[in-house]
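Spelled out, the chains give:
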Amino acid sequence: SPAGQPFKMYIVSADGGIPQELAPKEPAQLDPEWTSDGNSIIFGESPLGQLGATHTHGLHLLDLKTGQISIIPGSENLWSPRISPDGKYVAGIYADNRRLMLFDLATHKAAELVKGTGVSWPEWSGNSKDIYFVLERPNTPSGRYRIQIADRKLEMVESYKDARLTGDTFGNWYGLAPDNSPLILRDAATQEIYALDWEAP
């Protein structure tokens, strides 16, 4: 979206073409994800209300066949949704950006999984049994953690103590490959020193 304008969702053919705006009248639209059947998209709002207010109305569901958008009951104050591969749960972040939440799509109940001074970039394992995410909290090394859904066991996967990551509006980007190996965005352009031998013609 243009600078100063709300974030918007677009869709484009895998073969290329003109992007089509999906929800022109909706407020800030962040982190869209396809539902498992491919018929809908779940998305959230910025917890900063497009870098302004400090609230979010919850998770939104866009029916691609009808164009109808609804707020999922019980998902108030959640954003950054990630649907589990089995389609049963949504991992989301509470509006204060300090809590990783587990939202049950059948019961519409949300449960706190972990709390810190900062929680970001949740990603599901391929078997829907674990959630990987970035955690910051006092007296704990910052880094990538994994929490098991069954017993809520938390373990560090990788420390970010010496990592030089690239931050943006939403912090350092983190992702997960299909084999659960980490994907991170590293900034070397302004932190490496290069020498160039040059001779004038």
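Residues numbered from 1 in each chain as written. Predicted model: local features only at pLDDT ≥ 70, side-chain atom pairs only at ≥ 80, totals over all residues. Heavy atoms only, no water.

Peer 1: Mind showing me how you'd approach the nonpolar core here?
Peer 2: Membership of the largest hydrophobic core comes to 16 residues, with the highest contact counts inside it found for Leu 100, Leu 113, Ile 131 and Phe 133. Of all the elements in the fold, those that place two or more residues in this core are β8 (89-94), β9 (99-104), β10 (109-115), β11 (118-124), β12 (130-137) and β13 (140-148). No other element matches the three residues that β12 contributes to this core. Formed by eight residues, the second largest nonpolar core is a distinct cluster that contains Ile 42, Leu 59, Val 90 and Phe 103. (Core = buried A, V, L, I, M, F, W, Y, C linked by side-chain atoms within 4.5 Å. Buried < 20%, exposed > 50% of the residue type's maximum accessible area, 1.4 Å probe, protein only. Helix = DSSP H or I, 4+ residues; strand = E, 2+ residues; numbered from the N terminus.)

Peer 1: Looking at this structure, how should I read the packing of aromatic side chains?
Peer 2: Any aromatic ring pair is given by two values, namely how distant the centres are and how the planes are angled relative to each other. Overall, the coordinates contain one aromatic pair when judged by the stated rule. The lysine or arginine in question, Arg 99, covers the ring of Tyr 94, its NZ or CZ lying 3.9 Å from the ring centre. (Phe/Tyr/Trp six-rings, centres within 6.5 Å; stacked < 30°, edge-to-face > 60°. Lys NZ or Arg CZ within 6 Å of the ring centre and 35° of its normal.)

Peer 1: What should I look at first to understand unusual backbone geometry in this one?
Peer 2: Glycine aside, residues mostly have negative phi, and peptide bonds are mostly found in the trans state. Despite not being glycine, Ser 80 has its phi angle at roughly 55 degrees, a positive value. Not every positive phi belongs to a glycine, and Asn 180 is a case in point at roughly 70 degrees.

Peer 1: What should I look at first to understand the confidence of the model for the protein chain in this one?
Peer 2: Any segment with low pLDDT has predicted coordinates that should not be analysed in fine detail. Residue-level pLDDT values for the protein chain average 82, and 80% of them are 70 or greater. Here residues 49-55 is modelled with pLDDT under 50, and outside its nearest four sequence neighbours on either side it reaches twelve contacts, counting other chains as well. (pLDDT = per-residue confidence, 0-100. Contact = heavy atoms within 4.5 Å.)

Peer 1: Looking at this structure, how should I read the sheet that holds β11?
Peer 2: In any sheet, the strands associate via hydrogen bonds between backbone groups, in a parallel or an antiparallel arrangement. A sheet is described by the order of its strands in space; here four strands give the open sequence β11-β12-β13-β14, paired in antiparallel fashion. The open sheet has two free edges, formed respectively by β11 and β14 (154-159), since each of these has just one partner strand. On average, each strand axis in the sheet is tilted by 30 degrees relative to the strand beside it, whichever way the strands run. As defined by bridge partners, β12 adjoins β13 across seven bridges and the pair is classed as antiparallel. Residue pairing for β13: Ile 131 is matched across the bridge by Ile 147. (Pairing = 2+ DSSP bridges. Axes fitted to C-alpha atoms, helices over the stretch in contact; angles between N-to-C directions.)

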